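Structural features, examined
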Amino acid sequence: MPGRSLLAATASSGAVSAAFLTVKDAADYLGLSPHTLYVWRHRRQGPPSFRMGPRGRVMYRLEVLDAWVREQEQADSRSNPALNPLNTPLQERSSRFLGA
């Protein structure tokens, strides 16, 4: 994952816990801007998040972020050979449609 070293550095400094990330930390981990995560949350897109504590801070579970990234990889035809249209066999056209 691209943000593992960043996560390790911030976790060792006490900025984040191992299980939960703030919007800023989740954005850093994913290589996105916090604004992007806020927009996705408003549109009900992107990784699942929740509100935590009396102030209702938006938080992300680290394990859920990793699962979400894996889902994105599998949904992309460049990362998933099963979805690549170049890997599907050609279909024979009926002679009815060829004018024969």
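It should be noted that the structure appears before, not after, this text.
Notes on the structure in this doc start here.

So, how was this worked out
Residues numbered from 1 in each chain as written. Predicted model: local features only at pLDDT ≥ 70, side-chain atom pairs only at ≥ 80, totals over all residues. Heavy atoms only, no water. Helix = DSSP H or I, 4+ residues; strand = E, 2+ residues; numbered from the N terminus. Buried < 20%, exposed > 50% of the residue type's maximum accessible area, 1.4 Å probe, protein only. Areas by Shrake-Rupley, 256 points an atom, 1.4 Å probe, with all protein chains shown as cover. Axes fitted to C-alpha atoms, helices over the stretch in contact; angles between N-to-C directions. Parallel < 35°, antiparallel > 145°, perpendicular 65-115°, else oblique. Contact = heavy atoms within 4.5 Å. Nonpolar A, V, L, I, M, F, W, Y, C, P; charged D, E, K, R; others polar. Pairing = 2+ DSSP bridges.

Here we take up the overall build of the protein chain. Scanning the protein chain from terminus to terminus reveals 4 helices and 3 strands. When each of the 100 residues of the protein chain is scored for burial, the buried share is 23%. When the accessible surface of the protein chain is totalled, it reaches about 7600 Å², and 53% of it is carbon and sulfur.

A word on helix α2 (residues 23–30). Counting buried residues in α2 gives 6 out of 8 residues, a clear majority hidden from the surface. Among all positions of α2, only Val23, Asp25, Ala26, Ala27, Tyr29 and Leu30 are buried. Of the residues one or two after α2, Gly31 is the one with positive phi, at around 75°.

What follows deals with the packing of α2 against helix α3 (residues 34–42). Working note: a packed helix pair is described by the angle between its axes plus the distance between those axes. Taken N-terminus to C-terminus, the directions of α2 and α3 make an angle of 105°; their axes are 8 Å apart at the nearest point. Taken together, α2 and α3 sit at an angle that is classed as roughly perpendicular. Note on element contacts: α3 touches α2 through Pro34, Leu37 and Tyr38, opposite Val23, Lys24, Ala26, Ala27 and Leu30. Across the contact of α2 with α3, the residue classes break down as 7 nonpolar, no polar and 1 charged.

Before going further, it helps to spend a moment on the pairing of strand β3 (residues 57–61). With 3 bridges joining them, strand β1 (residues 20–22) and β3 adopt antiparallel strand pairing. When the bridges of β3 are listed, Thr22 appears paired with Met59. Across 3 bridges, strand β2 (residues 50–52) lies against β3 in antiparallel orientation. Within the sheet, the bridge partner assigned to Arg51 lies in β3 and is Val58. Between β2 and the antiparallel strand that follows it, β3, lie 4 residues; Gly53 among them carries a positive phi value of about 80°.

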